[in-house]
Every structure is written in C-alpha cells, then in structure tokens.
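# Per-entry structural report
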Amino acid sequence: MAVETFKAVSKKLPEGLAVESEVRGFKMVLDEPKEMGGTNKGMNPVEALLCALGSCQTIVASAFAKAKGINLQDFWVELEGDIDLDGFMGKSDVRPGFQEIRFKMHMKTDAPKEKAEEFAKFIEKTCPVGDSLANPVKLVLSDVIVE
C-alpha cells in the first residue's frame, strides 16, 4: 500500500478575506470578490476547487492517454457548479457547498467518439480530486492551537 500524506498551510493575509496557501514552496493567494467582502486578489476557494478538479482530470488524461491508445493532441475541461450562497452566509439552513458540479471534457484526438468516451470514464475513475469530491472524505480537526 502506497499511502502518501500531502500537506498545506493556509494563512490569513492582513487585508480583507485574502489567504495565502503554501504547498512544497509554491504559494497561491485565494480571496473573495469585493461584493463578498474580499479584495479580489485571487480566485475564491470554490473556484480553486473547480480548477483543482479540471487540472487533475487534465493531468490524468495527459499521463495515461498513450497507454490507453489515445493520440491526445489537446485536452481541456470546462467546469461549473452551483452553490446556494445563503448557506455560506448563514441566511438559510441549506448546505454551504456545491450542490452539483458539471464538466465537459474536450479532446483533440483522432480516436473514435466511443473510445474517447471510454477514456473519459477512465479519467473520472482515476482522478484523485474527483474521487475526493464524489465520495465522502473524513475531515478531522486534530487540534486547535491558541497563540
């Protein structure tokens, strides 16, 4: 069994709702639009989640196309999802997260549509981000540290 532990640190920035997240020395600023109380310095976390899913699917496609007999000349994913913002804002007792995420995979290939659809199913089955979204993941608050 090859279990790998991934780690990240997210820290509030001084202005508005901006957050700097760091993984392996790479930094990314996430924020909310001004109309949501942010400073619009970056995409918001749910937008980043859509990007993470699309990026994961694209990486899987690129990594496995040749082995699956797909001549993949280009690949991209369009994603969209629905969130009832009343849940996030505490105005309603609805779920604060995505209710549904939809995506379209675009493949530039000479493979027949049936083979491309089979490859798309493989991508869905293999993408760790998609799996994490589609199946419950145990979230564990391991500590609260007051400084």
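Calculation notes
Residues numbered from 1 in each chain as written. Predicted model: local features only at pLDDT ≥ 70, side-chain atom pairs only at ≥ 80, totals over all residues. Heavy atoms only, no water. Phe/Tyr/Trp six-rings, centres within 6.5 Å; stacked < 30°, edge-to-face > 60°. Helix = DSSP H or I, 4+ residues; strand = E, 2+ residues; numbered from the N terminus. Buried < 20%, exposed > 50% of the residue type's maximum accessible area, 1.4 Å probe, protein only. Patch = residues over 30% accessible without salt bridge, like charges linked within 9 Å, V, L, I, M, F, W, Y side chains within 5 Å. Areas by Shrake-Rupley, 256 points an atom, 1.4 Å probe, with all protein chains shown as cover. Salt bridge = Lys/Arg side-chain N within 4 Å of Asp/Glu carboxyl O. Core = buried A, V, L, I, M, F, W, Y, C linked by side-chain atoms within 4.5 Å. Contact = heavy atoms within 4.5 Å.

The chain is annotated in an unreviewed UniProt entry as OsmC-like protein of Thermoanaerobacterium butyriciformans.

## Regarding the packing of aromatic side chains
Per the stated rule, a full pass over the model turns up 2 aromatic pairs. Aromatic side chains Phe119 and Phe122 sit 6.2 Å apart centroid to centroid with 10 degrees between the ring planes, which places their arrangement in the stacked category. Remark: Phe122 and Phe119 occur in helix α3 (residues 113–126); sequence separation between them is 3 residues, near one turn of the helix. Overall, Phe122 belongs to the buried group, its relative accessible area being 16%.

## A few points about a nonpolar patch on the surface
A contiguous nonpolar surface patch, about 310 Å² in accessible area, is contributed by Leu85, Phe88 and Met89. By the element assignment, Met89 lies in the loop between α2 (85–88) and β5 (98–109). According to the relative accessible area criterion, Met89 is partly exposed, its value standing at 45%.

## Quick notes on the pattern of salt bridges
Applying the stated criterion to the full structure yields 6 salt bridges. Taking the shortest distance from any N to any O, the salt bridge between Arg102 and Asp82 comes out at 2.7 Å. One end of the pair, Arg102, is in strand β5; the other, Asp82, is in strand β4 (residues 72–83), and 20 residues separate them in sequence. Assessed through its relative accessible area of 33%, Asp82 is described here as partly exposed. Here Glu100 ties to Arg102 by a salt bridge, and the two come within 2.7 Å at their closest N and O atoms. Judged by its relative accessible area of 29%, Arg102 is partly exposed. By sharing partners, the salt bridges in this structure join Glu80, Asp82, Glu100 and Arg102 into a single network.

## A closer look at the nonpolar core
Of all hydrophobic cores here, the largest spans 13 residues; its most connected members are Val60, Ala61, Ile70, Phe75, Phe119, Ile123 and Cys127. Only α1 (45–64), β4 and α3 provide two or more residues apiece to this core. Here the element with the most residues in this core is α1; it accounts for 4 residues. The residues contacting Ala61, other than those within four sequence positions of it, are Leu72, Phe75, Phe119 and Ile123.

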